[in-house]
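# Residue-level structure breakdown
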Amino acid sequence: MRDILEDVNRVDESGYDSCYLAMKEKDEVLALSILSDKKFDRYHLNEDKSLLSWAIYFRCENVVDILLEDKKMVQLANNKNPYYEFADALTEEPGFLLYMNSYSRIFDKLLRTEEIDFSKVVDACMYFINDRLSKKRFSCYPGFQNYFPVLSFYDEAIGKILEQEQLAKYEISPSQYFGYKSLLYYVVKYGTGEEFKKIMKSGIDINKQFAQDEISNKLFYKDDSRRGEDEWLLDNALTVSLGCDWIYPIANKEDMDFDKFYALIFNQKLDSKYALEAINRICYSKYPLKEELIIKILANREWPKEDIYNKTLLSFAFYGLNKAYRFFLSNPNVDVRTLTLELIHEYARKFHQEEHEQVIEKNEEQEKDIEELTMQLLETRHDRIAEEEKLPYELLIFDFCDVHDEFTKNIIEKFQNQKLADEIVMDSWWKIKDEMKVKIRPRLNLPSYRIDHIDKYILQDSEKNQELLVWAQNYTDRLIQEAGYLPNLKESVKIKEKTVTNS
């Protein structure tokens, strides 16, 4: 091995240089001697990795010390993730378990090196958390490798990363090497309670973390044509604490982590839109005391005076959560659009049928109370919508439902020529499905799915929504002209009289 010093830059038949070979043989003295030779090209890559990465892998502490002082070498190591060398050594390098303390000291040296991109540390933390879960599962089976020392190293490393001061001011980038999810997401989903306390204590910007999860969702759906625009499946660190994600969107009590959930949702720094998304998830959860939980959240958070409550109030109405509906509307900062109230009044009671014939249990008095309160609010509005003006919205909502749903009959029954009306409505369904590029999932006949589509394609202000409304209005005009519209005179007169009185 020492004969290699005769030609310090000689590489073997596989392209490995002398310093790499010395470290592989655990001859750290020789490796240091080679590095001290000014003729040696220390920036030669072995398997596309820098010597710093290999020094970490082979636990050569003194070599790591020398190379960390070389800024060009650190920059070269930054092209990969030097922290991943610990994970590789865990399973590949036989000496890892015998030299845990050495690897731990090298890990500390990397953490103290400011020149190493901090995103690499965060990336590695997410990987360690994820890989720890995998190795824990394997450790339970007899005959598999003993991973407990490895798990011990992961526990220590994750704890050290979560204690870093840089974590609080860390700028999240959507180009993470290990997935696009936020660090908070991984800690909530797979981390321990103690690790969760550490990340919350670090002062990390939780809204930036949630925003990172939003980026992840958009990139995920963009790359997966099967899911397209079904954003009702979006998950983030908060919804994960409810025990649900895009794979299993419906939460239940057994999977909820109440400690993490309460710590997040009652944090007044958390943007209200994320708290509302969690509340929407709870509305269609299997949690038996969901209304009590929702009211607890409503009562213990500050709600800004913004136009952000329409979807949540739709959820309360569609799921018959009377107390939550009334409680939230009693807050002076919570307002809801007239169109939202009209949709609640017109459709909420028709949307209680779940998939697989599971009926949401209702209390008739609660339904009546929601309807009563909605009508009281509508009577104070000057921008009521006449029945024929609701037809475009009915057509749009029809396209978010199963075409065989009983609700669709309500459109056809408003016309003299019901056969022609049926043909025009079906034509509209294919139009929106094929030309408007709105993803239709007829079998997902859940209220949560409909609520999401009503909010996204009707209530939200967007160029796409205006396009959809113009499209629906054209079909409405055709229905009225060709199929013989039968207006509800009683309802039309009532709205007309109210409009005249208000003016």
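Residues numbered from 1 in each chain as written. Predicted model: local features only at pLDDT ≥ 70, side-chain atom pairs only at ≥ 80, totals over all residues. Heavy atoms only, no water.

Turning to the overall build of the chain, a few remarks are in order. The number of helices and strands found in the chain is 26 helices and zero strands. Burial statistics for the chain: of 503 residues in total, 53% are counted as buried. Of the contacts made within the chain by residues no fewer than 6 positions apart, 76% connect residues no fewer than 24 positions apart. Carbon and sulfur atoms make up 48% of the accessible area of the chain, which amounts to about 24,700 Å² in all. (Helix = DSSP H or I, 4+ residues; strand = E, 2+ residues; numbered from the N terminus. Buried < 20%, exposed > 50% of the residue type's maximum accessible area, 1.4 Å probe, protein only. Contact = heavy atoms within 4.5 Å. Areas by Shrake-Rupley, 256 points an atom, 1.4 Å probe, with all protein chains shown as cover.)

Once that is clear, we can look at the packing of helix α17 (residues 310–318) against helix α18 (residues 322–329). Following both chains from N to C, one finds α17 and α18 inclined at 150°, their axes separated by 8 Å at the closest point. The way α17 lies across α18 gives a crossing that is left-handed. Where α17 approaches α18, its residues Thr312, Leu313, Phe316 and Ala317 are matched on the opposing element by Ala324, Tyr325, Phe328 and Leu329. Tallied by class, the residues present in the contact of α17 with α18 amount to seven nonpolar, one polar and no charged. (Axes fitted to C-alpha atoms, helices over the stretch in contact; angles between N-to-C directions. Left-handed = near helix turned anticlockwise from the far one by under 90°. Nonpolar A, V, L, I, M, F, W, Y, C, P; charged D, E, K, R; others polar.)

Following the criterion strictly, the structure yields 32 salt bridges and no others. Taking the shortest distance from any N to any O, the salt bridge between Arg381 and Asp335 comes out at 3.3 Å. In this pair, Arg381 is assigned in the loop between α20 (364–378) and α21 (387–398) and Asp335 in the loop between α18 and α19 (338–347), connecting sequence segments 46 residues apart. Judged by relative accessible area, Arg381 falls into the buried class, the value being 16%. On the basis of relative accessible area, Asp335 is assigned to the partly exposed category, the value being 43%. A cluster of three or more residues bridged by salt bridges with shared partners is formed by Glu61, Asp65, Arg105 and Lys109. (Salt bridge = Lys/Arg side-chain N within 4 Å of Asp/Glu carboxyl O.)

Quick look at unusual backbone geometry now. Of note in this structure, Lys26 is not a glycine but carries a positive phi near 65°. Here Lys26 shows up in the loop between α1 (18–24) and α2 (28–36). Look at Lys26 and you get partly exposed, because its relative accessible area is 36%. Although it is not a glycine, Asp48 sits at a positive phi angle of roughly 65°. Inspection of the secondary structure assignment puts Asp48 in the loop between α2 and α3 (51–57).

What follows is about the environment of Ile199. Following the sequence through the fold, Ile199 ends up in helix α11 (residues 193–201). The class for Ile199 is buried, based on a relative accessible area of 0%. Apart from the residues within four sequence positions on either side, Ile199 is in contact with Leu162, Leu167, Leu183, Leu184, Val187 and Ile204.

So, on to helix α4 (residues 61–68). Within the sequence span of α4, burial applies to Glu61, Val63, Val64, Leu67 and Leu68. One side of α4 holds all its buried residues, which, seen down the axis, span an arc of 160°. On the buried face of α4, the contacting elements are α1, α2, α3, α5 (71–78) and α7 (100–111). (Arc of directions from axis to C-beta.)

Attention now goes to helix α15 (residues 272–283). Between its terminal C-alpha atoms α15 stretches 17 Å, which fits the 16 Å expected from 12 residues at 1.5 Å a residue. Counted residue by residue, α15 has 10 buried out of 12 residues, so it is predominantly covered. Within the span of α15, buried status applies to Ser272, Tyr274, Ala275, Leu276, Ala278, Ile279, Asn280, Arg281, Ile282 and Cys283. The opening residue of α15 is Asp271, an N-cap whose side-chain oxygen sits 3.0 Å from the backbone nitrogen of Lys273. (Expected span 1.5 Å × (residues − 1). Polar contact = N/O pair within 3.5 Å; in protein donor to acceptor, adjacent residues only side chain to side chain.)

This part takes up the packing of aromatic side chains. All told, the structure shown has 29 aromatic pairs when counted by the stated rule. Between the aromatic rings of Tyr186 and Tyr190, the centroid separation amounts to 6.2 Å while the plane-to-plane angle is 40°, which identifies the pairing as tilted. Of this pair, Tyr186 and Tyr190 are both found in helix α10 (residues 183–190), four residues apart, which corresponds to roughly one turn of the helix. Residue classification places Tyr186 among the buried positions, given a relative accessible area of 10%. Members of the aromatic cluster, joined through ring pairs, are Tyr83, Tyr84, Phe86, Tyr103, Phe107, Tyr127, Phe128, Phe153 and Tyr154. One residue, Lys181, lies across the ring of Tyr185, its end atom 4.7 Å from the ring centre. If you follow Arg301 out to its NZ or CZ, it ends over the ring of Trp303, 5.5 Å from the centre. (Phe/Tyr/Trp six-rings, centres within 6.5 Å; stacked < 30°, edge-to-face > 60°. Lys NZ or Arg CZ within 6 Å of the ring centre and 35° of its normal.)

Position of Glu85 among the secondary structure elements: in helix α6 (residues 84–92). Given the relative accessible area of 3%, Glu85 is considered buried.

Looking at the element boundaries, Phe148 is found in helix α9 (residues 148–162). For Phe148, a relative accessible area of 53% gives the class exposed. Taking the C-alpha atoms as reference points, Phe148 and Leu97, 51 residues apart in sequence, are found 9.9 Å from one another.

As a further point, take the nonpolar core. With 146 residues, the main nonpolar core has Met23, Phe86, Phe128, Phe153, Trp303, Phe316 and Tyr325 as its most contacted residues. Other than its neighbours up to four places away in sequence, Trp303 contacts Ser272, Ala275, Leu276, Ile279, Ile297, Leu298, Tyr309, Phe328, Asn331, Asn333 and Val334. (Core = buried A, V, L, I, M, F, W, Y, C linked by side-chain atoms within 4.5 Å.)

All right, on to the side chain of Thr338 then. Among the secondary structure elements, Thr338 is positioned in helix α19. Among residues more than four places away in sequence, those in contact with Thr338 are Leu378, Arg381, Asp383 and Arg384.

Moving on to the confidence of the model for the chain. For the chain, the mean per-residue pLDDT works out to 83, and 80% of the residues sit at or above 70. Counted against residues more than four places away or in other chains, residues 353–360, with its pLDDT under 50, gives 18 contacts. (pLDDT = per-residue confidence, 0-100.)

Among the structural elements, Arg105 can be located in helix α7. Assessed through its relative accessible area of 41%, Arg105 is described here as partly exposed. Along the chain, Arg105 and Arg59 lie 46 residues apart, while their C-alpha atoms are 9.5 Å from each other.

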